[in-house]
Amino acid sequence: MAEELVGHPCKALHCRQQETCKIENGLAKCVPNFNGSCWGWGDPHYHTFDGMDFDFQGTCSYTIAKYCGSDPTLVPFTIVEKNDNRGNQAVSYVSLANIFVYGYKISIYKQEVGRIRLNDAIFSLPLTLEEGKIRLFQSGPSAVLQTEFGLQVTYDWKWHLVITLPSSYYNATCGLCGNFNRDPRDDMALPNGTMVSSVTSWASSWRVKDRDPFCWDSCQGNCPTCDESKKELYGSNAHCGIIRNASAGPFRECHAKVNPDDFFDSCIYDVCLNGGAQGFLCQALEAYAKTCRKAGALIYDWRTPSGCALQCPENSHYEFCGNACPASCSDRTAPSTCQEPCVETCQCDEGYVLSADKCVPTGSCGCTYNGFYYKPGEEFWAGGNCGSRCTCDSSLGIVVCKPASCQANEQCALVNGVWGCHPVSYATCSASGDPHYTSFDGRRYDFMGTCIYQLVGLCSDDPTLKPFTINVENNNRGNKKVSYTKVVTVEAYNLSIVLSQEHPRRIQVWKWANLVGALGRPLGS
């Protein structure tokens, strides 16, 4: 054997512990022996790279996976997830994934379907960075990040986060996904390497400071329980039992590849704590279905027998095994070059492609500018200095930019993921009592009129300012020497919003664009 390796290209190549040298196109290359997957789903149930399953209901930000090795040839990365409550204080869900890699901060937020945040600025998918070293795209109902070195992060913008990593990172990770050494017994290590037995103590040690002052690491008050009768009910084949049904269940072919027991137990936990709500059953079944697909297992229709039909948006249809790389406005050929296995998805109808989070006719796409996609008519500031205002002109198929700047009392800032001009400061005008007025500039005066008066409104012809008017109607209340505000009417964005003393718990909203002229007044409330 030694003689055979003399002069062999692999002889001079030193691969890592869980890599193998292979010849590709005549060149020696180290390739990983396997991939490991870690996930958090539901409320939330975790599975480490090494197969340890645990539940943790903290609502703070936690390092779920991080490169903690010393090999300078491996690309470092850190993945932080943020959890939140959704109605039930006893459980939490994954609501945000922050991926730090190649010098970027890439954030995937709950409910921001079709979009990601790059260094805190919002962009539509798909997206390619670092000359192809990072790919971001939508696959089925999820956002997917793939890197050149084999890291893949998938988050469905709701509650299911999956991290896949090649064995090149064997025994070199830390965080809630463990150390990736194929031994689940030593996954619960603190950042200093000390082993602990308490899940809460371990998980809280990986807490990352965020700006949520109300987050916590353990259940508050009485911890949740489920009585035996409910466990038996929700464990039947009509509920969570469909996961473990080995004779005729839709997941029967998957049992040999993905142990159903932990998913079954987690399903009962979720469904029981939420009063048997159908949505939590569907969530648990979907988590197992996705894991089975990722493992390459054959599964059958599980949505019909469980009553978990997937509702697809306009101009799309459901596919049980659809293309994982949908055609989009910025990449029409993506399906033909897709290397990913099929996924459950809402596929755009014939003649439609994906534009951010919607399926649009192929002739109604937006524009690509500096590698980023913008929807038709979308306006944005180019760069981070608010020096150029751009618009996607769909008729031309290009982005048109014009020099622009913020006004004297504004500053350019990134707010909620979008660059824009924002006020440097705010002023307050008020009317109170019978009535005492204070102007924006601080002048105080009393005025007892009982008519309708304009309290404030836009009096400038500057087209960049949004017009608005606030009117007040005053009345006497027993004493004619004083008056009080009776009605406040706010007019903006073609809406008239009325707050009145007569209806203290009602707000009337009139849309001026839909006025019907018979009575010369708005209809509806």
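The paragraphs below set out a description of the structure included in this document. Predicted model, so just to flag it, every value in this text is computed and none were measured. (Residues numbered from 1 in each chain as written. Predicted model: local features only at pLDDT ≥ 70, side-chain atom pairs only at ≥ 80, totals over all residues. Heavy atoms only, no water.)

A word on the overall build of the protein. Check the secondary structure of the protein and you find six helices and 37 strands. A separation of at least 24 residues holds for 45% of the contacts in the protein among residues at least 6 apart in sequence. Seen as two clouds, the 44 positive and the 53 negative side-chain charges of the protein have centres 7 Å apart. (Helix = DSSP H or I, 4+ residues; strand = E, 2+ residues; numbered from the N terminus. Contact = heavy atoms within 4.5 Å. Lys, Arg positive; Asp, Glu negative; His and termini not counted. Charge placed at Lys NZ, Arg CZ, Asp CG, Glu CD.)

Attention shifts here to the sheet that holds strand 37 (residues 508-511). Note: strands within a sheet are paired through backbone hydrogen bonds, in either parallel or antiparallel orientation. Strand order in this open sheet of five strands is 33-34-35-36-37, and the pairing throughout is antiparallel. Strand pairing shows two members of the sheet lacking a second neighbour, strand 33 (452-457) and strand 37, which therefore form its edges. With strand direction ignored, the average angle separating the axes of adjacent strands in the sheet is 20°. As defined by bridge partners, strand 34 (residues 468-475) adjoins strand 35 (residues 484-492) across eight bridges and the pair is classed as antiparallel. Paired with Ile 470 across the two strands is Val 490, which belongs to strand 35. (Pairing = 2+ DSSP bridges. Axes fitted to C-alpha atoms, helices over the stretch in contact; angles between N-to-C directions.)

Now for the environment of Asp 210. You can see Asp 210 is positioned in the loop between strand 18 (207-208) and helix 3 (228-234). As a C-alpha pair, Asp 210 and Tyr 62 span 148 residues in sequence and 9.5 Å in three-dimensional space. Once you skip the residues sitting within four places of it in the chain, Asp 210 turns out to touch Cys 60, Ser 61, Lys 82 and Cys 215. Among the polar contacts listed, one links the side chain of Asp 210 to the side chain of Ser 61, at a separation of 2.7 Å. Engagement of the side chain of Asp 210 in a polar contact is seen with the backbone nitrogen of Asp 212, the distance being 3.0 Å. (Polar contact = N/O pair within 3.5 Å; in protein donor to acceptor, adjacent residues only side chain to side chain.)

Nonpolar side chains in soluble globular proteins tend to end up buried together. Residues Ile 64, Phe 77, Ile 79, Ile 99, Ile 106, Leu 136 and Leu 176 are the most contacted members of the largest nonpolar core, which totals 61 residues. When near neighbours in sequence (up to four residues on either side) are disregarded, Ile 106 contacts Ala 97, Asn 98, Ile 99, Ile 116, Arg 117, Leu 118, Leu 129, Ile 134, Leu 136 and Leu 145. Residues Leu 273, Phe 280, Leu 285 and Tyr 288 belong to the second largest nonpolar core, which totals 34 residues. (Core = buried A, V, L, I, M, F, W, Y, C linked by side-chain atoms within 4.5 Å. Buried < 20%, exposed > 50% of the residue type's maximum accessible area, 1.4 Å probe, protein only.)

The next thing to look at is the state of the cysteines. By the definition in use, this model includes 17 disulfides. Cys 321 shares a disulfide with Cys 342; S-S distance 1.8 Å. Torsion about the S-S bond of the Cys 321 and Cys 342 cystine: about -95°, corresponding to left-handed handedness. With Cys 321 in strand 19 (residues 316-322) and Cys 342 in the loop between strand 19 and strand 20 (343-348), this residue pair connects regions lying 21 residues apart in the sequence. A residue is classified by how much of its surface remains accessible, and Cys 321, at 46% relative accessible area, is partly exposed. Between the sulfur atoms of Cys 406 and its disulfide partner Cys 421 the distance amounts to 2.1 Å. Since a negative S-S torsion denotes a left-handed disulfide, the Cys 406-Cys 421 link at about -85° is left-handed. With Cys 406 in the loop between strand 27 (398-403) and strand 28 (410-415) and Cys 421 in strand 29 (residues 418-423), this pair connects stretches of sequence that are 15 residues apart. Here Cys 429 is not disulfide-linked; the sulfur of Cys 459 is the nearest cysteine sulfur, at 12 Å. (Disulfide = S-S within 2.5 Å.)

Below, the discussion takes up the sheet that holds strand 27. Taken together, the three strands give an open sheet; going across it, the order is 25-26-27, and neighbouring strands pair in antiparallel fashion. The sheet is open, and its two edges are formed by strand 25 (379-381) and strand 27, each paired on a single side. Recorded for the sheet is a direction-independent mean angle of 25° between the axes of neighbouring strands. Pairing of strand 25 with strand 26 (residues 388-393) involves three bridges; the strand directions are antiparallel. Bridge assignment links Trp 381 to a residue of strand 26, and that residue is Arg 389.

On to a nonpolar patch on the surface. Together, Leu 396, Ile 398 and Val 400 make up an exposed nonpolar region whose accessible area comes to about 260 Å². Among the secondary structure elements, Leu 396 is positioned in the loop between strand 26 and strand 27. (Patch = residues over 30% accessible without salt bridge, like charges linked within 9 Å, V, L, I, M, F, W, Y side chains within 5 Å. Areas by Shrake-Rupley, 256 points an atom, 1.4 Å probe, with all protein chains shown as cover. Salt bridge = Lys/Arg side-chain N within 4 Å of Asp/Glu carboxyl O.)

All right, on to the side chain of Ser 483 then. Inspection of the secondary structure puts Ser 483 in the loop between strand 34 and strand 35. From its side chain, Ser 483 meets the backbone oxygen of Met 448 in a polar contact 3.2 Å long. In this structure the side chain of Ser 483 is engaged in a polar contact, spanning 3.2 Å, whose partner is the backbone oxygen of Gly 449. Residue contacts for Ser 483: discarding those within four places in its chain leaves Gly 433, Asp 434, Pro 435, Phe 447, Met 448, Gly 449, Thr 450, Asn 474, Asn 475 and Asn 476.

It is worth spelling out the pairing of strand 22 (residues 358-361) at this point. Examined bridge by bridge, strand 21 (residues 352-355) and strand 22 share four bridges and lie antiparallel to one another. Bridging from a neighbouring strand, Leu 354 pairs with Cys 359 of strand 22. Taking the residues between adjacent antiparallel strands as the criterion, strand 21 and strand 22 are bridged by two residues, where Ala 356 takes a positive phi near 60°.

Enumeration according to the criterion identifies 22 aromatic pairs in this entry. With centroids separated by 5.1 Å and ring planes inclined at 80°, the aromatic side chains of Phe 56 and Tyr 62 adopt a geometry described as edge-to-face. Aromatic side chains Tyr 369 and Phe 380 sit 5.9 Å apart centroid to centroid with 55° between the ring planes, which places their arrangement in the tilted category. You can see Tyr 369 sitting in strand 23 (residues 367-369) and its partner Phe 380 sitting in strand 25, a full eleven residues away along the chain. The exposure class assigned to Tyr 369 is partly exposed, which follows from its relative accessible area of 24%. When the ring centre of Trp 159 is taken as reference, the NZ or CZ atom of Lys 290 above it lies at 5.7 Å. Lying across the ring of Phe 320, Arg 293 places its NZ or CZ 4.5 Å from the centre. (Phe/Tyr/Trp six-rings, centres within 6.5 Å; stacked < 30°, edge-to-face > 60°. Lys NZ or Arg CZ within 6 Å of the ring centre and 35° of its normal.)

All right, on to unusual backbone geometry then. Here the residue pair Leu 125 and Pro 126 is connected by a cis peptide bond, since its omega of 0° sits within 30 degrees of zero. By the element assignment, Pro 126 lies in the loop between strand 11 (121-124) and strand 12 (127-129). Residues other than glycine seldom take positive phi values, yet Glu 130 does so here, at roughly 50°. Positionally, Glu 130 belongs in the loop between strand 12 and strand 13 (134-139). In this structure Glu 130 comes out as partly exposed when scored by relative accessible area, which is 34%. At Tyr 493, a residue that is not glycine, the phi angle is positive and equals roughly 50°. Relative to the elements of secondary structure, Tyr 493 occurs in the loop between strand 35 and strand 36 (495-500).

Any functional reading would require information that these geometric values do not contain.
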